[in-house]
Amino acid sequence: MESCAVQGQAELEGIESGALTEIINDFLAGLPKEKRIIFVQRYFYMDAVSDIAAANGMTVSAVKVSLLRMRRKLGKKLQEEKYI
């Protein structure tokens, strides 16, 4: 019986993870290419902000502001989707 509960919990987490993945993918698809690259470099590849700035011909400050605005937009999208 306990193994059924554990398996059920794992399946539920998989569904929630899949929903989150879909929301993030939709969010990224809606971004301009330049913004999407910055977001992925920072949050998927964990690149330093200074490295992202250098690679994209931006100032560190501009990268930080872009990331902040994108995080806010993603947060709103997650709220709209009732994920958070």
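Note: the structure precedes this text.
Values in this document were obtained by computation on a predicted structure and should not be read as measured data.

Engineer: How do you make sense of helix 2 (residues 33-43) when you look at a structure like this?
Structural biologist: Each turn of an α-helix holds 3.6 residues, which means side chains three or four residues apart point in the same direction. Among the residues of helix 2, those classed as buried are Ile38, Phe39 and Gln41. Seen from one end, helix 2 has its buried residues packed into an arc of 165°, which puts them on one side.

Engineer: Sorry, what's going on with helix 3 (residues 49-56) here?
Structural biologist: Within helix 3, the full set of buried residues consists of Val49, Ile52 and Ala53. With its buried residues spanning 100° around the axis, helix 3 presents them on a single face. Relative to its buried face, helix 3 has exposed residues pointing more than 90 degrees away, namely Ala54 and Ala55. Buried residues along helix 3 sit in contact with helix 2 and helix 4 (60-80). Phi turns positive one or two residues past the end of helix 3, at glycine 57, with a value near 65°.

Engineer: How should I be thinking about the packing of helix 2 against helix 3 in this particular structure?
Structural biologist: To describe two helices that pack against each other, one gives the angle between their axes and the distance between the axes. Remark: helix 2 packs on helix 3, axes separated minimally by 10 Å, with the N-to-C direction vectors making an angle of 150°. With respect to each other, helix 2 and helix 3 are oriented roughly antiparallel. Seen along the crossing, helix 2 lies across helix 3 with a hand that is right-handed. For the pair helix 2 and helix 3, contact is made by Ile37, Ile38, Gln41 and Arg42 and by Val49, Ile52, Ala55 and Asn56, respectively. In terms of residue class, the contact of helix 2 with helix 3 is made up of five nonpolar, two polar and one charged.

Engineer: I tried to follow the packing of aromatic side chains on my own but got confused; where do I start?
Structural biologist: Geometrically, a pair of aromatic rings is defined through the distance of the ring centres and the angle of the planes. By the definition in use, this model includes three aromatic pairs. Relative to phenylalanine 39, the ring of phenylalanine 27 has its centre 5.7 Å away and its plane inclined at 65°; by these criteria the two rings are edge-to-face. Pair noted here: phenylalanine 27 is in helix 1 (residues 2-29) and phenylalanine 39 is in helix 2, with a separation of 12 residues, a long-range link. An identical accessibility class is assigned to phenylalanine 27 and phenylalanine 39; each is buried. Relative to phenylalanine 44, the ring of phenylalanine 39 lies with its centre 6.5 Å away and its plane at 55°, an arrangement referred to as tilted. A residue is classified by how much of its surface remains accessible, and phenylalanine 39, at 5% relative accessible area, is buried. One aromatic cluster is present, built from ring pairs that chain together Phe27, Phe39, Tyr43 and Phe44.

Definitions and cut-offs
Residues numbered from 1 in each chain as written. Predicted model: local features only at pLDDT ≥ 70, side-chain atom pairs only at ≥ 80, totals over all residues. Heavy atoms only, no water. Buried < 20%, exposed > 50% of the residue type's maximum accessible area, 1.4 Å probe, protein only. Helix = DSSP H or I, 4+ residues; strand = E, 2+ residues; numbered from the N terminus. Arc of directions from axis to C-beta. Contact = heavy atoms within 4.5 Å. Axes fitted to C-alpha atoms, helices over the stretch in contact; angles between N-to-C directions. Parallel < 35°, antiparallel > 145°, perpendicular 65-115°, else oblique. Left-handed = near helix turned anticlockwise from the far one by under 90°. Nonpolar A, V, L, I, M, F, W, Y, C, P; charged D, E, K, R; others polar. Phe/Tyr/Trp six-rings, centres within 6.5 Å; stacked < 30°, edge-to-face > 60°.

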